[in-house]
Amino acid sequence: MIDLRASAKGVRGELWLYGDIGGDMFGDGILAKDVAGAMKTLGNASEVDVYLNSYGGSVFEGIAIFNILRRHPAKITTHVDGIAASVASVIAMAGNSIEISANAFLMIHNAWGMAMGDGDAMRRAAHDIDLATESIAQAYAGRRNGDLDRIKGWM
């Protein structure tokens, strides 16, 4: 079940991202365009709490959601309620502050994927995965004063 909802009361807004990031073969999943629309419904909220419970999903949808949140003028606080795994952990990094419940989880790793085709297609896929890993590492390093090599070791 996917839960994407937003609400605002005065200067404080809430965004709930519970479920897979990106669409799956059934069309379910949290899409960046829907998050952008939800953020617009928050109006002039100067503080937004983003609640996360997601195993991750599409790296490109997740990076887009990260950037949507980073661009918003409000003070963003991300809350990891259960798990922020894979690209959902990147979304968590969008907060001006990050709160991880004592019994919740944050899981980071190198990007991965599947490819099909000839050698050229496989090499392109490997190159694209390396680029995605670099992008993810940059998002984490932004929270650790640019300690990119250390972050890549953790991944």
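Each residue is numbered by its place in its chain's sequence as written, counting from 1. For a predicted model such as this one, the threshold for reporting local features is a pLDDT of at least 70, and the threshold for listing and counting side-chain atom pairs is 80 or more; totals across whole chains, interfaces and linings nevertheless cover every residue. Remark: hydrogens and water are excluded; side-chain values derive from all non-hydrogen atoms of the structure.

**Q** Residues and numbers for the overall build of the chain, please.
**A** Looking only at helices and strands, the chain features 5 helices and 6 strands. Counting from the N terminus, the helices are DSSP H or I runs at least four residues long and the strands are E runs at least two residues long. Across the chain, helices and strands are ordered from the amino to the carboxyl terminus as β-β-α-β-α-β-α-β-β-α-α. This radius of gyration counts C-alpha atoms alone. The globule rule is 2.2 Å times how many residues there are, raised to the power 0.38. The C-alpha atoms of the chain give 16 Å as radius of gyration, which agrees with the globular expectation for 155 residues (15 Å, within 12%). Overall, the chain is about 55 × 40 × 30 Å in size when its C-alpha atoms are taken along their principal axes. Each accessible area is a Shrake-Rupley estimate made with a 1.4 Å probe; only the visible protein chains count as cover when residues are assessed. Only carbon and sulfur atoms are counted for the fraction: they give 54% of the accessible area of the chain, which is about 8,700 Å². A gap of 6 Å separates the mean positions of the 14 positive and 18 negative side-chain charges of the chain. Here the positive residues are Lys and Arg and the negative ones are Asp and Glu; neither His nor the chain ends is included. Think of each charge as sitting on NZ of Lys, CZ of Arg, CG of Asp or CD of Glu.

**Q** So what about helix H2 (residues 59–71)? Which residues, and what values?
**A** Taking 1.5 Å of rise per residue, 13 residues should cover 18 Å, and H2 covers 18 Å from first to last C-alpha, within 8% of that figure. Per-residue accessibility, obtained with a 1.4 Å probe over protein chains only, is compared with the maximum for each type, and a residue is labelled buried under 20%, exposed over 50%, and partly exposed between these values. For H2, the complete set of buried residues consists of Val-59, Gly-62, Ile-63, Ile-65, Phe-66, Ile-68 and Leu-69. Its buried side turned inward, H2 meets strand E2 (12–18), helix H1 (32–40), strand E3 (47–54), strand E4 (75–85), helix H3 (87–92) and helix H4 (119–141). One less than the number of residues in a helix, times 1.5 Å, gives the span that helix is expected to have. Whether two residues are in contact is decided by their heavy atoms, any of which lying within 4.5 Å being enough.

**Q** Can you tell me about the packing of H1 against H2, naming the residues and giving the values?
**A** Contact pair H1 / H2: the axes reach a minimum separation of 9 Å and the direction vectors enclose 20°. Here H1 lies roughly parallel to H2, going by the angle between them. Crossing geometry of H1 relative to H2 is assigned as right-handed. Within the contact between the two elements, H1 uses Ala-32, Val-35, Ala-36 and Met-39 and H2 uses Glu-61, Ala-64, Ile-65, Ile-68 and Leu-69. All amino acids are sorted into three groups, where Ala, Val, Leu, Ile, Met, Phe, Trp, Tyr, Cys and Pro are nonpolar, Asp, Glu, Lys and Arg are charged, and the leftover types, Gly among them, are polar. The class makeup of the residues in the contact of H1 with H2 is 8 nonpolar, no polar and 1 charged. With axes taken as lines fitted to C-alpha atoms, and helix axes fitted only over the stretch in contact, angles between N-to-C directions fall between 0 and 180 degrees. An angle below 35 degrees is read as roughly parallel, one above 145 as roughly antiparallel, one from 65 to 115 as roughly perpendicular, and any other as oblique. Handedness of each helix crossing follows the sense of rotation of the near helix against the far helix: counterclockwise by less than a right angle gives left-handed, clockwise gives right-handed.

**Q** Could you give me a rundown of the nonpolar core, with the residues and numbers involved?
**A** Residues grouped as a nonpolar core are buried Ala, Val, Leu, Ile, Met, Phe, Trp, Tyr and Cys residues, joined through side-chain atoms within 4.5 Å. In this structure, Leu-17, Met-39 and Ile-65 are the most contacted members of the largest nonpolar core, which totals 41 residues. Taken together, the elements giving at least two residues each to this core come down to E2, H1, E3, H2, E4, H3, H4 and helix H5 (148–154).

Honestly, that's just the spatial picture; any functional story needs more than this.
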